[in-house]
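What follows is each chain in one-letter form.
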Amino acid sequence: MWAASKLRETWDRLRPKFLTGEAATVANQLFNYRKIWMLTTFGTVLVTLIPLLILAVFNYHQYQTALGAEINYPFSRLVSNTRRQLRSFLEDHKAALSFIIQDKSLAELRDPRQLRRIFTNLKSAFGGFVDLGLIDSKGIQESYAGPYDLTGRDYHEERWFKDMAVTGVYVSDVFTGFRHAPHFVIAVKKDFDDGSFIILRSSFDVGLFAGLISSIDVKPTSDAFIINTEGVLQTPSRHHGDVLTKLDLPVPPQAEHSEVIEVPDTRGNSFFMGYAYIDYSPFIFILVKEKDAMLSNLSSMGDGIIGFSVVSVLYIIIVILTVATYLVNKIYEADLRRAATLHNVEHTNRMASIGRLAAGVAHEINNPLAIINEKAGFMSDLLAMAGDFPGRDKFTGCIDSVLRSVERCSAITHRLLGFARHIDVKLESIHLDDLIREVLEFLGKEAEYRNINVSIQADDGLPPIESDRGQLQQVFLNIVNNAFAAMSDGGRLDIILKTHDEGRVAVTISDTGCGIPKENLEKIFDPFFSTKKEKGTGLGLSITYGIVQKLGGKIDVRSQVGRGTSFTVILPVVRA
Amino acid sequence: MNVLLVDDEEELVSAIAERLGLRGITADFVTSGKAAVAKCRETRYDLVVLDMKMPGLSGLETLEILAADHPGLPFIMLSGHTEVRQCQDTGASRVCFLVKPAKIEDLIATMRQLTSA
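Calculation notes
- Residues numbered from 1 in each chain as written.
- Chains lettered and ligands numbered in written order.
- Predicted model: local features only at pLDDT ≥ 70, side-chain atom pairs only at ≥ 80, totals over all residues.
- Heavy atoms only, no water.
- pLDDT = per-residue confidence, 0-100.
- Pairing = 2+ DSSP bridges.
- Helix = DSSP H or I, 4+ residues; strand = E, 2+ residues; numbered from the N terminus.
- Axes fitted to C-alpha atoms, helices over the stretch in contact; angles between N-to-C directions.
- Contact = heavy atoms within 4.5 Å.
- Buried area = accessible area lost by both parts, 1.4 Å probe.
- Salt bridge = Lys/Arg side-chain N within 4 Å of Asp/Glu carboxyl O.
- Polar contact = N/O pair within 3.5 Å; in protein donor to acceptor, adjacent residues only side chain to side chain.
- Nonpolar A, V, L, I, M, F, W, Y, C, P; charged D, E, K, R; others polar.

### What to know about the confidence of the model for chain B
Moving on, step 1. On average, residues of chain B carry a pLDDT of 88, and 92% of them reach 70 or more.
Moving on, step 2. What the predictor reports for the complex is a pTM of 0.44 with an ipTM of 0.89.

What follows is the structure, encoded as structure tokens:
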């Protein structure tokens, strides 16, 4: 709650004045400041941010492409190299077997001793051979050299044997077979003219592949292994299962060269998979890296770009908002001042016109009034000299009545003439208490009707001040008028005049009216601020403030809601 | 006492002249500043009462000419613009301003004050 109210307070302080148009109805007719502000802000933001964002997106994309290529290239190279190694391993061993089957006679191959010798030589020359067997066209292993006793084993039901009859060369998947250890087989065939054939078959330990693959220095987050076309692991893998289990990743599509693709695993993790189909074999070499690990560099770079963009955007928005708000506020204030000045001028002009008119009328009336006065006086003189006659008292009464009426009229015309004279600006010596009494005369009747008690208390020896009588009248008339408006019938208006300090006098006008709420107190001197709704122009106190300033004085206000308000006008004795 | 009243309103000055006459003050009247200057050259007056605002020569212009012609001659100026009675001594002549319309008693009192001094 505290934070919220604090926040609202801060906002109230920071909120640009033009957004709350209550004090600006007149000025707002000239411009819609909110609209100007929004146009300026959004226009500038768009013009500034669009190129920046385009650049950021473009950059990010460029980085992604460049870094992707940077990562993919060595990855792809590694896969390609390993594929070549695997292929040449298979090719070499196939070629060795082909050479033997073509070079050696059937008799030599059938002779177990000879076969063992060939096997030994092969092993020492190429390595990797686990055994070597000769199988005839009926599928019977005629002779065998190796660690197992497999002579006479019948293979004619085996799938590979049937395939061999057609293909001529065969590389098997990894399987456990009769020996219950994962191995794979390479077999080559030699046809004879009579339609019979022989097959030279050799098996290899999977460890050979494992050795080849482990020579690739892969990081702990990566994995390298071989699968067959059904997706069964042919070598053990680090993260994706043991040998002869099904791989948890999809089998990549057939491709002539090594490829890098992005695949999800069954747990939803994303991987980069580099793979290569090994020619003339069921093997697919696969190198897998976790995408996150691979992209960590890229994403940190991306985070940098995004972070920088966000900070720039925020900074730009803050600067634009500040500048736009400041400028629009300045325009708003200037307009407000201009409108106030126009109103002031208009008001003064109107008062001057009224003044001149009043003076003209008063002067014209004054002459006939003087004639009435003298004629009635003359009649009164004659009456005084004449002897007694019927109705004399009534005559005298009538003439006295005429003379009294003339006196009243004369008071009015003099006040009008006085009003006109005050329009002209001039400095003169003024007794403030007299001036305030004159002002109060205007409101004397109202005070009487409304039973408002008015008191004036002036310090002895209060110096006369040098100022403008008419303007000062306007100042005090405004303040007293407002005080009357704020009070209900039977209120009190106390006016105290005293020396404020050296060279200045202070007039304090206190009422027992409704008071001014704190939030309005700082606005009452703003032009167009009014609480009188349609009745007020909101200019009275603004003009008052302006006049007091022009006369070298200052004006203070203190108020308590429900208790009353007191205005203090401080004026210099001698106009500087 | 012999006074001259100057005001463009004949009705006004004639009435004042008659009232003054009733109170033992001889009063002539003219209705323009020019006539007043001429009248003063043929007759000697103890005091001149001038209206401030007149067509032709204004009250103040007439006063200047008369004061130059007749040093020491006192004047009473009647004006709608004056709010209070005020008197001043310019050295050459003494002048009192009276609010118009003035009470006959005030007028006579001022006359006596100006002529007795």
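Still to come is the rest of the account.
### Brief notes about the sheet that holds strand β4 (residues 183-191) of chain A
Residues and elements named next belong to chain A.
Moving on, step 1. If you trace the five strands from one edge of the open sheet to the other, you get β2-β1-β5-β4-β3, paired in antiparallel fashion. In this open sheet, the two edge strands, each paired with only one partner strand, are β2 (141-145) and β3 (169-171). Neighbour-to-neighbour, the strand axes of this sheet turn through a mean angle of 15°, independent of strand direction.
Moving on, step 2. Both strand β1 (residues 129-136) and strand β5 (residues 197-205) contribute to a ladder of seven bridges, which runs antiparallel. Directly across from Leu132, in β5, lies its bridge partner Ser202.
Moving on, step 3. Packing of helix α3 (residues 33-103) onto the sheet brings it into contact with β1, β3, β4 and β5, and relative to β4 it is tilted by some 40°.

### A closer look at the interface of chain B and chain A
Moving on, step 1. Taken residue by residue, the interface counts 22 residues in chain B and 19 residues in chain A.
Moving on, step 2. Carbon and sulfur atoms supply 56% of the area buried between chain B and chain A, which totals about 1,900 Å² over both sides.
Moving on, step 3. Our count for the chain B to chain A interface comes out at five salt bridges.
Moving on, step 4. For Glu11 of chain B, the salt bridge goes to Lys375 of chain A, with nearest N and O atoms at 3.3 Å.
Moving on, step 5. Linking chain B to chain A there are eight residue pairs in polar contact (both at pLDDT 80 or more).
Moving on, step 6. A total of eight residues in the side of chain B that touches chain A trace back to one element, the largest contributor, which is helix α1 (residues 10-22) of chain B.
Moving on, step 7. Class assignment of the residues belonging to the side of chain B that touches chain A gives a composition of eight nonpolar, five polar and nine charged.

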